[in-house]
Amino acid sequence: MDGSVESRVEGGVAAIEFGHPKSNSLPGAVLRKLGDEIAAAGKRSDVNVIALRSSGTGPFCAGASFDELIAIKDATMGKTFFLGFAHVIISMMRCPKPILTRVHGKVVGGGVGVVAASDYAIATNNAAIRLSELAVGIGPFVVGPVIERRIGSGKFSAMALDADWRSAEWARDAGLYAQLHASVTELDGAFDAFVAKMNASNPDATAGIKQRVWEGTDNWDKLLDARAEMSGKLVLSPFTRKAIEAFKAKG
């Protein structure tokens, strides 16, 4: 029940897959391993591109693990948990290799941050998105900066305050997805083709593109640290504890 992160390198491609029995949710152990694997792949001279995906046929990512949120006992423990999301986002941004993400199903909360931190995301028409944090009394503070940078402050504000589903088409038009496909089979064909295209590209050029895309984020280590501290305190409030329990009860 701890989830998993598997990675392999073959022919210039680092394939990284994360998974969890509960709808590919992200407990702390998975977050730490995912960030570490991305950072390690970025340092390898035999890697030109990272292909990121999640396991199974259900949701791409259900966001934070409610079991771990409920288990948080103090602000230090809370901050440590939310720093896991910061670690993944920073690792993705700092990685000099392009990160291409395959999104086969719905995306919630922190999973939207993973998509936003990707350099190119390809999804199915079923890959609806939702920022559910406010619904459980927290707010998308740690993943917020990378999502806002990707889609703009207006769309981000609407997502953060209206914690409801938005279609894959909305996500594509907002800039989170680069391509949409009608089926997983079509998704896989398009994803594999684009991974091969990036693998054959000049690595110095792709690294230069990433550097320009993330210009102005040098202070994000401190920014996300402060956001994690904020979330770590909020998760302890009676309002949030009650909201999380109610959310869990819905299944």
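Provided above is the structure to which this section pertains.
Computed from a predicted model, the values in this text were never measured in an experiment.

**A look at the environment of K197**
- Topologically, K197 is positioned in helix 8 (residues 184-199).
- C-alpha separation for the pair K197 and V49, spaced 148 residues apart in sequence, amounts to 9.7 Å.

**Things to note about the layout of surface pockets**
- Quantified by volume, the second largest pocket comes out at close to 260 Å³.
- What lines the second largest pocket is a set of 13 residues, and nearest its centre among them are R8, V13, A15, A51 and R53.
- At the level of elements, strand 1 (4-10), strand 2 (13-19), strand 3 (49-54) and helix 8 are the ones that each hand at least two residues to the lining of the second largest pocket.
- Counted by class, the lining of the second largest pocket contains six nonpolar, one polar and six charged residues.

**Topic: the sheet that holds strand 1**
- Pairing is mixed in the open sheet, where six strands are placed in the order 1-2-3-4-6-8. The open sheet is flanked by strand 1 and strand 8 (179-181), the only strands paired with a single partner. In this sheet, adjacent strand axes meet at a mean angle of 15° when their direction is disregarded.
- As paired strands, strand 3 and strand 4 (residues 99-103) are joined by three bridges and run parallel to one another. Looking at the pairing, I50 lines up with I99 of strand 4.

**A closer look at the packing of aromatic side chains**
- Under the criterion given, the structure shown has four aromatic pairs.
- With 5.5 Å between their ring centres and 80° between their planes, F18 and F60 make a pair best called edge-to-face. Of the two residues, F18 sits in strand 2 while F60 sits in the loop between strand 3 and helix 2 (66-71), which places them 42 residues apart along the sequence. There is no split in this pair, since F18 and F60 are both buried.
- Ring plane angle 80° and centroid distance 5.8 Å describe the contact between F81 and F85, whose orientation is recorded as edge-to-face. With F81 and F85 both in helix 3 (residues 75-94) and four residues apart, the pair spans about one turn of that helix. Each member of the pair F81 and F85 is classed as buried.
- An aromatic cluster is defined as three or more aromatic residues linked by ring pairs; in this entry it consists of F81, F82 and F85.

**Section: empty space enclosed by the protein**
- Counted under the stated rule, the structure contains one cavity of 30 Å³ or more.
- Here the largest cavity defines a volume of roughly 200 Å³.
- In terms of lining, the largest cavity is formed by 20 residues, of which the most central are A64, F82, G109, G110 and E133.
- Elements represented by at least two residues in the lining of the largest cavity include exactly helix 2 and helix 3.
- Split into classes, the residues belonging to the lining of the largest cavity amount to 13 nonpolar, six polar and one charged.

**Section: the pattern of salt bridges**
- Under the criterion given, the structure shown has eleven salt bridges.
- With its nearest N and O atoms 3.0 Å apart, the salt bridge here joins K210 to D119. Placement of K210 in helix 9 (residues 203-213) and of D119 in the loop between helix 4 (110-117) and strand 6 (120-124) is noted, with a sequence separation of 91 residues between them.
- Overall, K210 belongs to the buried group, its relative accessible area being 5%.
- Overall, the relative accessible area of 24% leaves D119 in the partly exposed class.
- Residues joined by salt bridges that share partners form a network here, namely K79, D225, E229 and K233.

Conventions used here
- Residues numbered from 1 in each chain as written.
- Predicted model: local features only at pLDDT ≥ 70, side-chain atom pairs only at ≥ 80, totals over all residues.
- Heavy atoms only, no water.
- Helix = DSSP H or I, 4+ residues; strand = E, 2+ residues; numbered from the N terminus.
- 1 Å grid on protein atoms, 1.4 Å probe; cavity = no way out; pocket = protein on both sides within 12 Å on 5 of 7 lines; lining within 4 Å.
- Points joined across faces, edges and corners; volume = space filled by probe spheres on them.
- Nonpolar A, V, L, I, M, F, W, Y, C, P; charged D, E, K, R; others polar.
- Pairing = 2+ DSSP bridges.
- Axes fitted to C-alpha atoms, helices over the stretch in contact; angles between N-to-C directions.
- Phe/Tyr/Trp six-rings, centres within 6.5 Å; stacked < 30°, edge-to-face > 60°.
- Buried < 20%, exposed > 50% of the residue type's maximum accessible area, 1.4 Å probe, protein only.
- Salt bridge = Lys/Arg side-chain N within 4 Å of Asp/Glu carboxyl O.

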